[in-house]
Amino acid sequence: SGLSQEPGSVEQLSLHCAEGSLEWLYPMGALRLRLAPRLPPTATAIQGRNPQHLTACIKPTGTFRGAQLYLEQDGELELLLPEAPRPRVRCFSWLPQEKVALFLQATPQRDISRRIAAFRYELRGDWLAHPALPAASLTTEGSCRPCNDTEILMAICTSDFVIRGSIRSVSNDAELQESVIGVSATRIHRQKFPLFQAGSWPGRAAGSIRTPLRCGVKPGPGTFLFTGWLHFGEAWLSCAPRYRDFQRIYEGAQRAHQNPCEFPMD
């Protein structure tokens, strides 16, 4: 609460969790939030090396008021969220040896009682290595290209979800620059959270997966193996080969003893 701060003071905090939320009631003065995530073991163990980049994503609440959020990097401030921003995700990356912070500065208000500056955040290791990313601000190249064989094999081992199924529908959100793929699942190989649940079709689960609008996803027939990541509680697409192509790739890697993990085939 800003009511416990002196006007013009700067409160220092550290964000160590890989993800979480911050709610600043009655903003006064400023908060400086140092980003020092304790990354989960999977961020480094799977690749067998330290991440080349660290990535943070910020998503403001629809009621974000009373402050502006800046990125403090290399001694410079960059505005990330103005007061009353659109509820879009902003992402940025930095090298592990760099020191970065978020600077949340209260804006002058006559009545602070109705102001709450709140947002959710995610801190990840080497997110730039993923073939597809939800935020256009992270990268504009490569996020829409098909995954190669190596990326497909790694995706089934490391993704937050691995779903075999078909495309039921595709809807586009021009404002958020996102496409939402409606998926009917024939088999759930893995999901960290119940993204896909029993639907109207007997024996099938249904759910939705998001991808950048610029990728131009179209509905089509056939069975796919959908893989991807959780981003602010939503499923985002990484690799989605046709299942028969995945079978060929996996069986070839198995014969060559190059598959990075075991996967149930049928």
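Residues numbered from 1 in each chain as written. Predicted model: local features only at pLDDT ≥ 70, side-chain atom pairs only at ≥ 80, totals over all residues. Heavy atoms only, no water.

For the protein chain, an unreviewed UniProt entry supplies the name METRN protein and the organism Centropus unirufus. According to the UniProt record, the Subcellular location (unreviewed entry) comment for the protein chain reads "Secreted". (UniProt positions renumbered as here; feature names shortened; annotations may be inferred.)

Draft legend 1. Summary view of the confidence of the model for the protein chain. The predicted model of the protein chain has a mean per-residue pLDDT of 82, with 85% of residues at 70 or higher. The low-confidence segment residues 42-48, where pLDDT is below 50, has 7 contacts with residues more than four positions distant or belonging to other chains. Within the model, the stretch residues 128-142 combines pLDDT values under 50 with 33 contacts to residues more than four positions away or in other chains. (pLDDT = per-residue confidence, 0-100. Contact = heavy atoms within 4.5 Å.)

Draft legend 2. Structural context of the state of the cysteines. Under the definition given, this model contains 3 disulfides. Here Cys147 is linked by a disulfide to Cys239, with a sulfur-sulfur distance of 2.0 Å. Classification of the bridge connecting Cys147 and Cys239 rests on its S-S torsion, roughly -90°, and on that basis the disulfide is left-handed. Taken together, the residues span a long stretch of sequence, with Cys147 in the loop between strand S9 (116-125) and helix H2 (149-158) and Cys239 in the loop between strand S15 (234-237) and helix H3 (243-255) at a distance of 92 residues. Considered together, Cys147 and Cys239 belong to a single accessibility category, that of buried residues. (Disulfide = S-S within 2.5 Å. Helix = DSSP H or I, 4+ residues; strand = E, 2+ residues; numbered from the N terminus. Buried < 20%, exposed > 50% of the residue type's maximum accessible area, 1.4 Å probe, protein only.)

Draft legend 3. Expanded view of the environment of Ala240. Here Ala240 shows up in the loop between S15 and H3. Considered as a pair, Ala240 and Phe226 are 14 residues apart in the sequence and their alpha carbons are 4.5 Å apart. For Ala240, the residues in contact, after removing those within four places along its chain, are Phe224, Leu225 and Phe226.

Draft legend 4. How the structure looks around the pairing of strand S11 (residues 178-191). As judged from the 12 bridges shared by strand S10 (residues 161-173) and S11, these two strands associate in the antiparallel manner. Following the sheet pairing, Ser171 is matched in S11 by Val180. In this structure, the hairpin formed by S10 and S11 is closed by a connection of 4 residues, where Gln177 is found at a positive phi of approximately 55°. The sheet contact formed by S11 and strand S13 (residues 205-212) spans 8 bridges and is antiparallel. Along S13, the bridge assignment pairs Ala185 with Ala205. (Pairing = 2+ DSSP bridges.)

Draft legend 5. Broad picture of the packing of aromatic side chains. Evaluated as defined, the whole model comprises 7 aromatic pairs. Here a set of aromatic residues connected by ring pairs shows up, and it is made of Tyr243, Phe246, Tyr250 and Phe263. Sitting over the face of the ring of Tyr243, Arg164 holds its NZ or CZ atom 4.1 Å from the ring centroid. (Phe/Tyr/Trp six-rings, centres within 6.5 Å; stacked < 30°, edge-to-face > 60°. Lys NZ or Arg CZ within 6 Å of the ring centre and 35° of its normal.)

Draft legend 6. Examining the side chain of Thr107 more closely. One can find Thr107 in the loop between strand S8 (100-106) and S9. Within polar-contact distance, the side chain of Thr107 engages the side chain of Glu83 at 3.1 Å. (Polar contact = N/O pair within 3.5 Å; in protein donor to acceptor, adjacent residues only side chain to side chain.)

Draft legend 7. Spatial organisation of the packing of H2 against H3. At a minimum axis distance of 10 Å, the contact between H2 and H3 shows a crossing angle of 90°. Relative to H3, the element H2 is oriented roughly perpendicular. Seen from H2, the contacting residues are Asp149, Ile152, Leu153 and Ile156; seen from H3, they are Phe246, Ile249, Tyr250 and Ala253. Residues that form the contact of H2 with H3 fall into these classes: 7 nonpolar, no polar and 1 charged. (Axes fitted to C-alpha atoms, helices over the stretch in contact; angles between N-to-C directions. Parallel < 35°, antiparallel > 145°, perpendicular 65-115°, else oblique. Nonpolar A, V, L, I, M, F, W, Y, C, P; charged D, E, K, R; others polar.)

Draft legend 8. Structural detail: unusual backbone geometry. Here Tyr26, not a glycine, exhibits a phi torsion of approximately 50°, which is positive. Within the fold, Tyr26 resides in the loop between strand S2 (19-25) and strand S3 (30-35). On the accessibility criterion, Tyr26 (28% relative accessible area) is partly exposed.

Draft legend 9. Layout of H3. For H3, spanning 13 residues, the distance from its first C-alpha to its last is 18 Å, which sits close to the expected 18 Å at 1.5 Å a residue. Buried residues of H3: Tyr243, Phe246, Ile249, Tyr250 and Ala253, and no others. For H3, the angular spread of buried residues about the axis comes to 120°, placing them on one side. Exposed residues pointing more than 90 degrees away from the buried face of H3 are listed as Arg244, Arg248 and Arg255. Contact partners of the buried residues in H3: H2, S10 and strand S14 (224-231). (Expected span 1.5 Å × (residues − 1). Arc of directions from axis to C-beta.)

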